[in-house]
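Now for the letters of each chain:
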Amino acid sequence: MVDQHTKQRTQDLLEVEDLSTHFFTPEGIVRAVDGVDLRMKQGRILGIVGESGCGKTVLALTIMRLIPDPPGKIVTGHVFFQGVDLTTLDAQEMRSIRGNKISMIFQEPMSSLNPVFTIGSQIAEVFLLHQKDEASNKSRALEMSIEMLKRVGIENPEKRIKDYPHQLSGGMCQRIMIAMALACKPELMIADEPTTALDVTTQAQILDLMIALQQDSGTSIILVTHDLGVVAQTCQDVAVMYTGKVVEFAGVSDIFSQPLHPYTKGLMKSIPKVGAGLTGKKLLAISGNVPTFKNMPDGCTFHDRCPEVMEKCYLQAPPMFRPEKGHCVRCWRHEG
Ligand SMILES: Nc1ncnc2c1ncn2[C@@H]1O[C@H](COP(=O)(O)OP(=O)(O)OP(=O)(O)O)[C@@H](O)[C@H]1O
Ligand SMILES: [Mg+2]
């Protein structure tokens, strides 16, 4: 089905090339994703991090081809998944990729569950649809759902499958969403802020669950978050986004030991440290606000907030530089 879309490429699981998704609104063009390049190897956990509005969700939805059109459009670029350019697939081909190879956990878990069906029937439905061979009938699919609930750490799964979404806590809903995503047996799971609404203990449990999935089943995961602490705990690679662009990309240990982009350095300083609250000092946040599409600065879009700004930054947008192997940064300070 996909031969004509397949290009001979290196064996990365996912390769995003110069991807731009813009929204054409009556107020103007919102360049939500604006020339993103990314590579992801099979079996890794990649974090996508950045402040609210920097384009994380739009990037994830573009990879899934779930951008509402109108007003959204992929205006440039490619998304190669296992060598197949997803941007060229028709709706039916894309549906088969979405169900079987890539699944997504959305930012608001509650709104993704159907309030009028039990948890069991919703998970069983996914098995019946995506694992037809094994889930040959409804009762087998329900058994598989119970197994899956155990796997994602839900106690008393035999009882829980009869519950409706409103009877579950936020943490449980999030586990159900992960169970449903896994029932598709995806090769890539995209989780958009899967722990943001949860308390710290539940957050840690869900992140541990993701790591276990990656280690036990080799599932590749993209974890979208605004929290560098979550990245440190969970991911192996990280892409930092700002105004629709990836401004820094590296392995997690490199980013934390040697952040290069002034924006990444600012995000690091905003991570709360144990005991810091006792001093009564405010968290060191990055000064200023994320620009909107109406007041997007020329040159480097971070220049008006940047403590390391140079004259060139006002005039010209920096390309991606690669000062070290596997470490890329979009900042004039690292030119040449
Ligand atoms: N349907 C839409 N129409 C117009 N603009 C949109 C639409 N969806 C998203 N945007 C804009 O695209 C930009 C990126 O939004 P996105 O939701 O990707 O941010 P985010 O990084 O996921 O933020 P958050 O951390 O708050 O979830 C924002 O300026 C947003 O207002
Ligand atoms: Mg988002």
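Reading the values: rules and limits
Residues numbered from 1 in each chain as written. Chains lettered and ligands numbered in written order. Predicted model: local features only at pLDDT ≥ 70, side-chain atom pairs only at ≥ 80, totals over all residues. Heavy atoms only, no water. Core = buried A, V, L, I, M, F, W, Y, C linked by side-chain atoms within 4.5 Å. Buried < 20%, exposed > 50% of the residue type's maximum accessible area, 1.4 Å probe, protein only. Helix = DSSP H or I, 4+ residues; strand = E, 2+ residues; numbered from the N terminus. Domains from an automatic or database assignment. Contact = heavy atoms within 4.5 Å. Salt bridge = Lys/Arg side-chain N within 4 Å of Asp/Glu carboxyl O. Near = heavy atom within 4 Å. Polar contact = N/O pair within 3.5 Å; in protein donor to acceptor, adjacent residues only side chain to side chain. Areas by Shrake-Rupley, 256 points an atom, 1.4 Å probe, with all protein chains shown as cover. Axes fitted to C-alpha atoms, helices over the stretch in contact; angles between N-to-C directions. Parallel < 35°, antiparallel > 145°, perpendicular 65-115°, else oblique. Left-handed = near helix turned anticlockwise from the far one by under 90°. Phe/Tyr/Trp six-rings, centres within 6.5 Å; stacked < 30°, edge-to-face > 60°. Pairing = 2+ DSSP bridges.

**Q** When you look at the nonpolar core in this model, what are you seeing that I'm missing?
**A** For soluble globular proteins, nonpolar side chains are generally found buried alongside one another. By size, the foremost hydrophobic cluster in this structure holds 61 residues, and its most contacted members are Leu149, Ile176, Ile178, Met189 and Met210. Considering each element in turn, this core owes the most residues, nine residues, to helix α7 (residues 170-183). Counting contributing residues per domain, this core is built from domain 1 (3-101 + 186-334) and domain 2 (113-185), each supplying no fewer than three. Ignoring anything within four residues of it in the chain, the contact list for Leu149 reads Ile119, Ile123, Ile154, Pro157, Arg160, Ile161, Ile176 and Ala179.

**Q** What exactly am I supposed to notice about the pattern of salt bridges here?
**A** As a working rule, side chains carrying opposite charge can pair if their charged atoms are close by. Overall, the coordinates contain 13 salt bridges when judged by the stated rule. Ionic pairing is found between Arg44 and Asp237, a salt bridge with its closest N-O pair at 2.9 Å. Here Arg44 is found in the loop between β2 (28-40) and β3 (45-49), whereas its partner Asp237 is found in strand β9 (residues 237-242), with 193 residues between them in sequence. Residue classification places Asp237 among the buried positions, given a relative accessible area of 13%. The closest approach of N and O atoms between Lys265 and Glu308, which form a salt bridge, is 2.9 Å. Remark: Glu308 occurs in the loop between α11 (262-269) and α12 (311-315) and Lys265 occurs in helix α11; sequence separation between them is 43 residues. Relative accessible area serves as the criterion here: at 24%, Glu308 is assigned to the partly exposed category.

**Q** Please explain the site of ligand 1 as it appears in this structure.
**A** Around ligand 1, the structure places 15 residues, and the nearest of them are Ser52, Gly53, Lys56, Thr57 and Gln107. Here an oxygen atom of ligand 1 sits 2.8 Å away from a polar atom, N or O, in the main chain of Gly53. Protein burial of ligand 1: of its 640 Å² of free accessible surface, 66% is covered by the chains. Counting residues per element, the ones that place at least two in the shell around ligand 1 are β1 (14-25), β2 and α1 (56-63). Looking at the shell around ligand 1 element by element, the count peaks at three residues for α1.

**Q** Would you take a moment to explain the packing of helix α4 (residues 119-130) against α7 for this structure?
**A** The relative placement of two packed helices is expressed as an angle between their axes plus a distance between the axes. Remark: α4 packs on α7, axes separated minimally by 8 Å, with the N-to-C direction vectors making an angle of 15 degrees. In terms of their interaxial angle, α4 and α7 are classed as roughly parallel. Here α4 runs over α7; the crossing is right-handed. In this structure, α4 uses Ile119, Gln122, Ile123, Val126, Phe127 and His130 to contact α7, whose residues at the interface are Ile176, Ala179, Met180 and Ala183.

**Q** Before we go on, may I ask you to explain the packing of aromatic side chains in this structure?
**A** Aromatic ring pairs are reported here in terms of the distance separating the ring centres and the angle at which the planes meet. For the coordinates displayed, the defined rule picks out four aromatic pairs. Seen in terms of ring centroids, Tyr263 and Phe302 are 5.3 Å apart; in terms of plane orientation they differ by 70 degrees. Their pairing is edge-to-face. Within this pair, whereas Tyr263 is found in helix α11, its partner Phe302 is found in the loop between α11 and α12, the two being separated by 39 residues in sequence. One exposure class covers both Tyr263 and Phe302, and it is buried. One aromatic cluster is present, built from ring pairs that chain together Tyr242, Tyr263 and Phe302.

**Q** Would you mind going over the sheet that holds strand β4 (residues 72-81) with me for this structure?
**A** Taking strand neighbours across the sheet as the criterion, the four strands line up as β2-β1-β4-β5 in an open arrangement whose pairing is antiparallel. Each edge of the sheet is formed by a strand with only one pairing partner; in this case those strands are β2 and β5 (84-85). In terms of strand pairing, β1 meets β2 through nine bridges, oriented antiparallel. If you follow Val16 over to β2, its bridge partner there is Leu38. Contacts from α1 reach β1, β2 and β4 within the one sheet, and its direction differs from that of β1 by about 110 degrees.

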